[in-house]
Amino acid sequence: MLARLVTDRQESTRYSVEDVLDAVIWGEALQVLRKLPDEIVDMVFIDPPYFLQLPKKRLLRWKAKTLVEGVDDDWDKFESFEDYDRFITAILREVRRVMKATATIWVIGTYHNIHRVGKIMQDLGFWILNDVIWVKTNPMPNWLNVRFTNAVETLIWAVKDKGVKRYTFNAEVARRFSRGKLALSVWELPICAGKERLKDDNGEKLHPTQKPRALLERVILVSTKEGDLVLDPMAGTGTTGVVAKSLNRHFVMIERQKEYVEASLERLKKETSQVALQLGEQE
Ligand SMILES: C[S@@+](CC[C@H](N)C(=O)[O-])C[C@H]1O[C@@H](n2cnc3c(N)ncnc32)[C@H](O)[C@@H]1O
């Protein structure tokens, strides 16, 4: 089935699986999630706002004194930690409802948010299977030279509750991403750059936090089977759906920014036929 756009409207009260299968839904994550049936998805990937809380003043690079760019988009702004926690809690509660009993969930974040997200997940009853550390082989330097260059992101991988035993873990695939014989919880991969990185009309990054396809390839290959349904409720440029489709999985993506929805649809047309599997095996 071809990927398609669904524009969420207030008056649409419920969606069936058929309504949203392989669709990019333009809308508010919480509002859309509330309209989805119970227990329909096999895997969830969430790359939520980080709540970076950048200072209002413009930061200059150490030595070079050029301007430091960060994620200063409105979608990353919240009033307070409490406000952020409320947002994440509401999303995760609905996501848990739409997960099948055997489904797993991945949430990615940095030190800014991932510890809060982990606590919220445990409080909601999720059972954490792993925290996978993505080591970035080409991280953004700490331009101010005032602390370590942050070179990792954490992916929390969990099931709905402690009793879930029959989830998908493709151990053989996981081992291929590791050094040696064990399927280690450390993945070394570059950040999204070069031709893969989407640009706007001015040649600037279209999205500040586009994830590399190779990261999603690992996530999807390790934790799903062909034909499974993968949900990404804050999909950005649609990396999750692009990789899911390339690997013969189904997807549902939700995103509230029109320009990212359009970029996702374009990618789904262009990239899924050309994505050669870059399993990114570690040396
Ligand atoms: C960290 S980015 C995801 C990037 C994505 N993984 C990619 O590879 O492009 C988070 C996305 O969530 C979207 N977002 C934030 N709040 C949202 C909400 N309430 N409903 C839907 N989308 C939301 C933002 O517009 C942003 O594109």
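Keep in mind that what you see is a predicted model, and the values were worked out from it rather than measured.

This brings us to the overall build of the protein. If you tally the helices and strands in the protein, you get eight helices and nine strands. A burial count over the protein gives 48% of its 283 residues as buried. Within the protein, residue pairs in contact and separated by at least 24 positions form 70% of the contacts whose partners lie at least 6 positions apart. Taken as a whole, the protein presents about 14500 Å² of accessible surface, with 51% of it coming from carbon and sulfur.

In this section: the site of the ligand. Close contacts around the ligand come from 23 residues, with Asp 47, His 207, Thr 237, Thr 239 and Glu 255 the closest. Contact between the ligand and Thr 239: an oxygen atom at 2.7 Å from a side-chain N or O atom of the residue. In the model, a nitrogen atom of the ligand is placed 3.4 Å from a nitrogen or oxygen of the Arg 256 main chain. Against a free-state accessible area of 610 Å², the protein chains account for coverage of 99% of the ligand.

A turn of α-helix holds 3.6 residues, and therefore any two residues three or four places apart point the same way. Burial analysis of helix H7 (residues 239-246) places six of its eight residues in the buried class, the great majority of the element. Taken together, the buried positions of H7 are occupied by Thr 239, Thr 240, Gly 241, Val 242, Val 243 and Ala 244. Next to the buried residues of H7 lie strand S3 (41-46), helix H6 (213-223), strand S8 (229-232), strand S9 (250-255) and helix H8 (258-270). Once H7 ends, the next one or two residues include Asn 248, with phi positive near 65°.

The subject of this paragraph is the nonpolar core. Counting residues in hydrophobic clusters, the biggest one holds 39 residues, and the most contacted among them are Ile 46, Leu 92, Val 95, Ile 105, Met 121 and Leu 231. Take this core: its biggest share by element is six residues, from helix H3 (residues 81-98). For Ile 105, the residues in contact, after removing those within four places along its chain, are Val 44, Ile 46, Leu 92, Val 95, Met 99, Met 121, Phe 126, Ile 156, Trp 157 and Ala 158. Residues Val 173, Leu 215, Val 219 and Val 230 belong to the second largest nonpolar core, which totals 32 residues.

Another point: the side chain of Asp 8. Looking at where Asp 8 falls in the secondary structure, it is placed in the loop between strand S1 (4-7) and helix H1 (17-20). At 2.8 Å, the side chain of Asp 8 forms a polar contact with the side chain of Gln 31. Once residues lying within four places of it in the same chain are set aside, the contact partners of Asp 8 are Tyr 15, Ile 25, Trp 26, Gly 27, Gln 31, Val 32 and Lys 35.

Definitions and cut-offs
Residues numbered from 1 in each chain as written. Predicted model: local features only at pLDDT ≥ 70, side-chain atom pairs only at ≥ 80, totals over all residues. Heavy atoms only, no water. Helix = DSSP H or I, 4+ residues; strand = E, 2+ residues; numbered from the N terminus. Buried < 20%, exposed > 50% of the residue type's maximum accessible area, 1.4 Å probe, protein only. Contact = heavy atoms within 4.5 Å. Areas by Shrake-Rupley, 256 points an atom, 1.4 Å probe, with all protein chains shown as cover. Near = heavy atom within 4 Å. Polar contact = N/O pair within 3.5 Å; in protein donor to acceptor, adjacent residues only side chain to side chain. Core = buried A, V, L, I, M, F, W, Y, C linked by side-chain atoms within 4.5 Å.

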